[in-house]
Amino acid sequence: MKKVYTNEISLLVSNMKNIIEAQEIEVFIKNEYAQGAVGEVSAFDTWPEVWVVNDTDFNRAMEIVNSSQRSDNTLDWTCKNCAEENDSSFEVCWKCQNENT
Ligand SMILES: [Zn+2]
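These numbers were taken from a predicted model, which means no experiment stands behind them.

## Quick word on the nonpolar core
No. 1: Core analysis: the largest hydrophobic core is formed by 18 residues, its most contacted members being Val4, Tyr5, Ile20, Ile25 and Val50.
No. 2: Of all the elements in the fold, those that place two or more residues in this core are strand E1 (2-6), helix H1 (10-21), strand E2 (27-30), strand E3 (49-52) and helix H2 (58-75).
No. 3: Counting residues per element, this core draws most heavily on H1, at 4 residues.
No. 4: Apart from residues lying up to four places away in sequence, Val4 is in contact with Ile20, Val50, Trp51, Val52, Phe58, Ala61, Met62 and Val65.

What follows is the structure, given as structure tokens:
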């Protein structure tokens, strides 16, 4: 098992998991429920992480992560309601659920 992606925003992590799973690679999320348990600022090692189950899928999964992040950089959108930056794959703001109009 190998870690392919981590982010402090769990929504981005589950989104990445879905993208990788869509390519028929078996993945799971580690530390999914570690955040916010006691209301403290999360340490880096409690960020949710995406792991591939089979090491042979690692390179393919990393390519998916890298290409996904590249395209996100050019297609990110900014919420008109709260000015938060959103991943291009989101249809609503991750922070306030405002629609991307
Ligand atoms: Zn918003």
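## Some details on the side chain of Glu49
No. 1: With respect to the helices and strands, Glu49 occurs in strand E3.
No. 2: Engagement of the side chain of Glu49 in a polar contact is seen with the side chain of Trp51, the distance being 2.9 Å.
No. 3: Those residues within four positions of Glu49 in sequence are excluded, and the remaining contacts are Lys3, Tyr5, Thr6, Val13, Phe28, Ile29, Lys30 and Asn31.

## Brief notes about the pattern of salt bridges
No. 1: Inspection of the entire model under this criterion finds 3 salt bridges.
No. 2: Glu49 is the partner of Lys3 in a salt bridge, and the nearest nitrogen-oxygen pair spans 3.7 Å. Of the two residues, Lys3 sits in strand E1 while Glu49 sits in strand E3, which places them 46 residues apart along the sequence.
No. 3: Looking at Lys3, the relative accessible area reads 36%, which means it is partly exposed.
No. 4: Its relative accessible area of 11% is what places Glu49 among the buried residues.
No. 5: With a shortest N-O distance of 3.3 Å, Glu21 and Lys17 are connected by a salt bridge. With Glu21 and Lys17 both in helix H1 and 4 residues apart, the pair spans about one turn of that helix.
No. 6: For Glu21, a relative accessible area of 34% gives the class partly exposed.

Parameters and conventions
Residues numbered from 1 in each chain as written. Predicted model: local features only at pLDDT ≥ 70, side-chain atom pairs only at ≥ 80, totals over all residues. Heavy atoms only, no water. Core = buried A, V, L, I, M, F, W, Y, C linked by side-chain atoms within 4.5 Å. Buried < 20%, exposed > 50% of the residue type's maximum accessible area, 1.4 Å probe, protein only. Helix = DSSP H or I, 4+ residues; strand = E, 2+ residues; numbered from the N terminus. Contact = heavy atoms within 4.5 Å. Polar contact = N/O pair within 3.5 Å; in protein donor to acceptor, adjacent residues only side chain to side chain. Salt bridge = Lys/Arg side-chain N within 4 Å of Asp/Glu carboxyl O.

Worth remembering: the numbers are spatial, not functional.
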